[in-house]
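# Results of the structural survey
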Amino acid sequence: MNQKTIYFDNAATTRVSPKVFKSMMPFFQNSYGNPSTIYSLGREARQAIEVAREKIANSINADKEEIFFTGSGTESDNWAIKGIAYANRKKGNHIITTNIEHHAILNTCKNLERNGFEVTYVPVEKNGIVNPKDILKEIRKDTVLISVMFANNEIGTLQPIVEIGKITKENGIYFHTDAVQAVGNIKIDVNELNIDLLSLSAHKLNGPKGVGALYIRKGVKIENLIHGGGQENRMRAGTENVASIVGLGKAIELATEDIEGKAKYLTNLREKAIKSILENIPHTIINGDRERRLPGNINVCFEYIEGESILLLLDSLGICASSGSACTSGSLNPSHVLLAIGLPHEIAHGSLRLSFSKENTEEEVDFLLEKLPPIISRLRDMSPLYTQVKK
Amino acid sequence: MEEYSNKVMDHFMNPRNVGIIEDANGIGEVGNPVCGDIMKMYIKVKENVIVDVKFQTFGCGAAVATSSITTELVKGKTLEEALKLTNEKVAEALDGLPPIKMHCSNLASQALKAAIEDYLKNGKEK
């Protein structure tokens, strides 16, 4: 297709930035040595990994020794949850999380429940934010871990990490946060926020796919998830994905350079788009808190139509976006996050998520805002539900 | 995600026979909003032949495409011929559907059957 691609799905994944790509290149064909070896070829690779580790540590105010590379954000989440649960079983077997977590957390918790652990899924409020008091209420003597995401991947809502960090510190419970969507968008200081474990992923911040990291505060008692050789200080086995780790380091360095400037730019795009959508398209609902959300996230439901149809029509114009409808989730139910904020099924099916990055321009957003209203009317004209409403 | 055939995309982008027949003598509706698919078929029957058919659909690309091709397949057919249409035949006519769509979104032939039943029960005198 000759048509230009307009990419508004940066919460799904991002383009690898040219600088990141360039930083990775030497480690495929030149410095290809195994980082565990003693000759210079291996030492070059080892050194590059340590530089990347330091960059990640600096970006969240951690120590270098507290950063461990993994194969994905999902692996980091699995390791944090299972690793804490199994290592602290003697102390207790209860975990608290929320009902809007990513499946990497929810399905890991479900797995633990099948293995004798107990998990409490605290519901969020209608604005898509969990109330810290509701978390406090669920704490028991045998609670060993509270895991609450930093920012939601679908509706972009920012969770009360400051308050939860205080609660976990006062109660001597480990605090894990899945910060995959937040790193690079929000300033994070693990010490200020009392975070004990933090998951992040490279491909959400213009880095490569297939690499992530887990921050583990010094002294935290955790079991390994991947067993094998002695890599990552004997904590995560497997020969290091050197090029991708270097890419992650570079990506996080670039992403955290000017968080405030980027947030301002994205918030402007977001607010312009939300305003225009609400003005020009009736029967429309903005999902998630209007203020406390990721700067580049819009999640909206158009009543009486279905999300996949919207995506197909947008795609025909070169616009990439996503939806929480059943068809796009690959199941019979719409997104658990949209149901958790109290939307009825039929409305949740008509959701559209737009996630902007700093590579998006105002012209691209204008193009979307011009094309979206006729797409919505076209589908509504076809919908038997809308005919009833018009009557 | 599994791709739609060119034929599905054609029927989704350019759906045939969308709308309402004001003086329809058979109307059928299947599905429900909870699962995200509703199809409504309107038929005009004269001397046992479907002379006109239109549809409205709330649903995904496959739901729209199956509705659209169903109207094409049965227009001008006798009721007996139209009743022989199955979901499998609808999918075949579209060069196949992704497996996940076979059950949830392929309801058009049921909607048509419901419209024919409605006609046989109530519509004959209209």
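Residues numbered from 1 in each chain as written. Chains lettered and ligands numbered in written order. Predicted model: local features only at pLDDT ≥ 70, side-chain atom pairs only at ≥ 80, totals over all residues.

To continue, consider the sheet that holds strand β1 (residues 26-32) of chain B. Residue and element names in this part refer to chain B. Strands sit in the order β1-β2-β3 across an open sheet of 3 strands; the sheet is antiparallel. Sheet topology places β1 and β3 (49-58) at the edges, where each strand pairs with a single neighbour. For this sheet, the mean angle separating the axes of adjacent strands, direction not counted, is 15°. Strands in contact with helix α2 (residues 61-74) are β2 (37-46) and β3; relative to β3, the strand with the most contacts, it is inclined by about 175°. (Pairing = 2+ DSSP bridges. Helix = DSSP H or I, 4+ residues; strand = E, 2+ residues; numbered from the N terminus. Axes fitted to C-alpha atoms, helices over the stretch in contact; angles between N-to-C directions. Contact = placed C-beta atoms within 7 Å.)

What follows is about helix α9 (residues 242-255) of chain A. Helix length check: α9 of chain A, at 14 residues, gives a terminal C-alpha distance of 20 Å against a target of 20 Å (1.5 Å per residue), a fit within 8%. By the criterion of burial, α9 of chain A is predominantly enclosed, with 13 of the 14 residues buried. (Expected span 1.5 Å × (residues − 1). Buried ≥ 20, exposed ≤ 12 C-beta atoms within 10 Å, placed from the backbone.)

A word on the packing of helix α1 (residues 6-13) of chain B against α2 of chain B. Residues and elements named next belong to chain B. Two numbers describe how α1 lies on α2: the axes approach to 8 Å, and their chain directions differ by 85°. When the axis of α1 is compared with that of α2, the two are roughly perpendicular. Between α1, through V8, H11 and F12, and α2, the contact on the second element is made entirely by G61, A62, V64, A65, S68 and I69. The residue makeup of the contact of α1 with α2, split by class, is 6 nonpolar, 3 polar and no charged. (Parallel < 35°, antiparallel > 145°, perpendicular 65-115°, else oblique. Nonpolar A, V, L, I, M, F, W, Y, C, P; charged D, E, K, R; others polar.)

This part covers the sheet that holds strand β3 (residues 94-98) of chain A. Residues and elements named next belong to chain A. Strand order in the open sheet made by the 7 strands is β2-β8-β7-β6-β5-β3-β4, with mixed pairing throughout. Looking at strand neighbours, the two that pair on one side only are β2 (67-70) and β4 (118-122), the edges of this open sheet. Strand-to-strand twist across the sheet, computed as the mean angle between neighbouring axes with direction ignored, equals 20°.

So, on to the pairing of strand β7 (residues 197-201) of chain A. Both faces of the sheet carry side chains from a regular strand, because those side chains alternate between them. Residues and elements named next belong to chain A. Where burial is concerned, most of β7 is hidden: 5 out of the 5 residues are buried. Here β7 shows no split at all, with L197, S199 and S201 on one side and L198 and L200 on the other all buried. As defined by bridge partners, strand β6 (residues 174-178) adjoins β7 across 3 bridges and the pair is classed as parallel. Within the sheet, the bridge partner assigned to D178 lies in β7 and is S199. Looking at chain direction, β7 and strand β8 (residues 212-216) are connected through 5 bridges and run antiparallel. Its bridge partner lying in β8, S201 is registered against G212.

All names here are of chain A. Considered domain by domain, chain A is made up of domain 1 (18-255) and domain 2 (258-390). Using only C-alpha atoms to locate each centre, domain 1 and domain 2 end up separated by 29 Å. Taken together, the 18 residues of domain 1 in the interface contact 18 residues of domain 2. A class-by-class count of the residues in the side of domain 1 that touches domain 2 yields 7 nonpolar, 8 polar and 3 charged. (Domains from an automatic or database assignment.)

Right, let's get into the interface of chain B and chain A. Tallying the contact residues gives 20 residues for chain B and 21 residues for chain A. If one sorts the elements of the side of chain B that touches chain A by residue count, β3 of chain B sits on top with 3 residues.

Residues and elements named next belong to chain A. Mapped onto the elements of the fold, N241 is located in the loop between α8 (231-234) and α9. Between the C-alpha atoms of N241 and G71, which are 170 residues apart in sequence, the distance is 8.2 Å. Setting aside its immediate chain neighbours within four residues, N241 contacts G210 and V211.

What follows concerns unusual backbone geometry. Not every positive phi belongs to a glycine, and H283 of chain A is a case in point at roughly 55°. Within the fold, H283 of chain A resides in the loop between α10 (259-280) and β9 (284-286). On the basis of neighbour counts, which here come to 15 C-beta atoms within 10 Å, the residue H283 of chain A falls in the partly exposed class. We note that N17 of chain B has phi near 60°; this positive angle belongs to a residue other than glycine. Along the chain, N17 of chain B falls in the loop between α1 and β1. What makes N17 of chain B partly exposed here is the crowd of 18 C-beta atoms within 10 Å.

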